[in-house]
Structures are given as C-alpha cells and as structure tokens.
Amino acid sequence: MKQLRILSLIILVTGVLSCSTNQSPKRQLIGKWTMVKVYDGENDVTNKHNPKKNRWIKFNKNGSFESGGDPHGYNDGNWELDSEKLILFLDSNAEDDDSEWKISFEDNKTIWTGIGTPRQERFKLIHKRIE
C-alpha cells in the first residue's frame, strides 16, 4: 500500500510539472525581455554592459527581433531557435553583430550562455520577461 501511495505521488508531481512547461521553447521566448544581469566569467559586468538598466529585446512571432537600450542603442534582425538543443541564433541587421546562445528558462527569466568562440563563451546574460 505504501508503494502505491509513493507511485501515485510521483505520477501526480510529474503531471503537474509537465503541465507547467507545456509551452514550446519558441512560444516561451516570444515577447519582450529586459536585461537584468551580464556576467563575464564569474564577474558581474552589468554596470558596464547595461549602465542605465534599460536594455531590452523583443522576439516577434514572425521570427524578427528588436532590441534597444544603452550603450548600444536600437538593433533589429531575425531570430531562430533550435527547440531541441535550445540554441538561439540572432541574425542582426547591424554589421558583424550576429550571435549564438545556449538558452534555458527559469520561471520568468531566460539565461543565455554565449557559444561560438572562447570570448563569447565567457558571457552569460540573464533576461526577465516584461509583462
């Protein structure tokens, strides 16, 4: 009887967790996000890369994105997400500004880790969804 209760509890918890994450990663990403933290390795470099705390990015359903804030200003382009590997590619309309990120979701935040070169791999960005 005890084993049956434990099995029932495991099934219940698994069902609740699967319902809370039933959105596809692409759907989860669509919307507007504000940058809250920037790390270069273990160092918090947010004040350098987001000095006015106004950087944001918006992912549109049609595969386009827009971003803005200091010190870089407005940017736009297209985005693609490999939903299985959770790799985000930003194809920027700005010269030499394309980037690729391994992403994860945690509550109303998304965590991006740079990929491609040793320099990019040092960086981690944390964005919070703007409601």
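Everything discussed here concerns the structure shown above.
Here the residue numbers are simple positions, counted from 1 along each chain's written sequence. Where totals are concerned, whole chains, interfaces and linings use all residues; where local detail is concerned, this predicted model gives features only for residues with pLDDT of at least 70, and gives and counts side-chain atom pairs only at 80 or more. Calculated side-chain values reflect all of the structure's heavy atoms, with hydrogen atoms and water omitted.

We now examine the overall build of the protein chain. Secondary structure is summarised from DSSP: a helix means a run of H or I of at least four residues, a strand means a run of E of at least two, and numbering begins at the N terminus for each. Looking only at helices and strands, the protein chain has four helices and nine strands in total. Secondary structure of the protein chain in N-to-C order comes out as α-α-β-β-α-β-β-β-β-β-β-α-β. Restricting to contacts in the protein chain with at least 6 residues of sequence separation, those with at least 24 account for 35%. Computed by Shrake-Rupley with a 1.4 Å probe, the accessible areas treat only the displayed protein chains as cover when residues are assessed. Accessible surface computed for the protein chain: about 9000 Å², of which carbon and sulfur atoms make up 51%. Throughout, a residue-residue contact means that at least one pair of heavy atoms, one from each residue, lies within 4.5 Å.

Put simply, buried Ala, Val, Leu, Ile, Met, Phe, Trp, Tyr and Cys residues joined by side-chain atoms within 4.5 Å make one nonpolar core. Summary of the burial criterion: residues with accessible area below 20% of their type's maximum are buried, those above 50% are exposed, and those between are partly exposed, where the area comes from a 1.4 Å probe applied to protein chains only. If you look at the biggest cluster of nonpolar residues, it comprises 17 residues, and the most contacted ones within it are Leu29, Phe59, Trp79, Leu88, Leu90 and Trp112. Put simply, the parts of the chain that give this core at least two residues each are β1 (31-40), β3 (56-59), β5 (75-82), β6 (87-92), β7 (99-106) and β9 (123-129). In this view, tryptophan 79 contacts Lys26, Leu29, Ile30, Phe59, Asn60, Gly63, Ser64, Phe65, Leu88, Phe89 and Leu90; residues no more than four positions away in its chain are not counted.

This part is about unusual backbone geometry. Between aspartate 70 and proline 71 the backbone carries a cis peptide bond, its omega angle lying at 10 degrees. Among the secondary structure elements, proline 71 is positioned in the loop between β4 (64-68) and β5. Of note, lysine 53 is a non-glycine position whose phi angle comes to about 55 degrees, a positive value. On the secondary structure map, lysine 53 appears in the loop between α3 (46-49) and β3. The phi torsion at aspartate 107 lies on the positive side, around 55 degrees, for a residue other than glycine. Residue position: aspartate 107 is located in the loop between β7 and β8 (109-114).

Bringing a negative patch on the surface into the picture now. Like charges within 9 Å and nonpolar side chains (Val, Leu, Ile, Met, Phe, Trp, Tyr) within 5 Å are joined into patches, using only residues over 30% in relative accessible area that form no salt bridge. Any Lys or Arg side-chain nitrogen found within 4 Å of a carboxyl oxygen on Asp or Glu counts as a salt bridge. Neither His nor the chain termini are counted; the positive set is Lys and Arg, and the negative set is Asp and Glu. Charge positions come from single atoms, namely NZ of Lys, CZ of Arg, CG of Asp or CD of Glu. On the surface, a cluster of negative charge is contributed by Glu80, Asp91, Glu95, Asp96, Asp97 and Asp98. Positionally, aspartate 98 belongs in the loop between β6 and β7.

Right, let's get into the packing of aromatic side chains. Two rings belonging to Phe, Tyr or Trp (six-membered ring only in the last case) form a pair when the distance between their centres is within 6.5 Å. Interplanar angles under 30 degrees mark stacking, angles over 60 mark edge-to-face geometry, and anything in between is tilted. All chains considered together, the criterion is met by three aromatic pairs. Centroid distance phenylalanine 59 to tryptophan 112: 6.1 Å. Interplanar angle 50 degrees. Geometry classified as tilted. Note that phenylalanine 59 is positioned in strand β3 and tryptophan 112 in strand β8, a separation of 53 residues in sequence. Overall, the relative accessible area of 2% leaves tryptophan 112 in the buried class. The ring of tryptophan 56 is capped by lysine 32, whose NZ or CZ atom sits 4.5 Å from the centre of that ring. Positioned above the aromatic ring of tyrosine 39 is the side chain of lysine 124, whose terminal nitrogen or guanidinium carbon lies 5.3 Å from the ring centre. Two thresholds decide whether a charge sits over a ring: the Lys NZ or Arg CZ must be within 6 Å of the ring centre and within 35 degrees of the ring normal.

In this section: the pairing of β5. Whether two strands pair depends on DSSP finding at least two bridges between them. Both β4 and β5 contribute to a ladder of four bridges, which runs antiparallel. Considered in β5, the bridge of serine 64 is made with asparagine 78. Count of turn residues in the β4/β5 antiparallel hairpin: six residues, of which glycine 69 carries a positive phi of about 115 degrees. Summarising the sheet, β5 and β6 pair through six bridges and their orientation is antiparallel. Paired with leucine 81 across the strands is leucine 88, a residue of β6. Counting the residues in the hairpin turn of β5 and β6 gives four residues, including leucine 86, whose phi is positive at 55 degrees.

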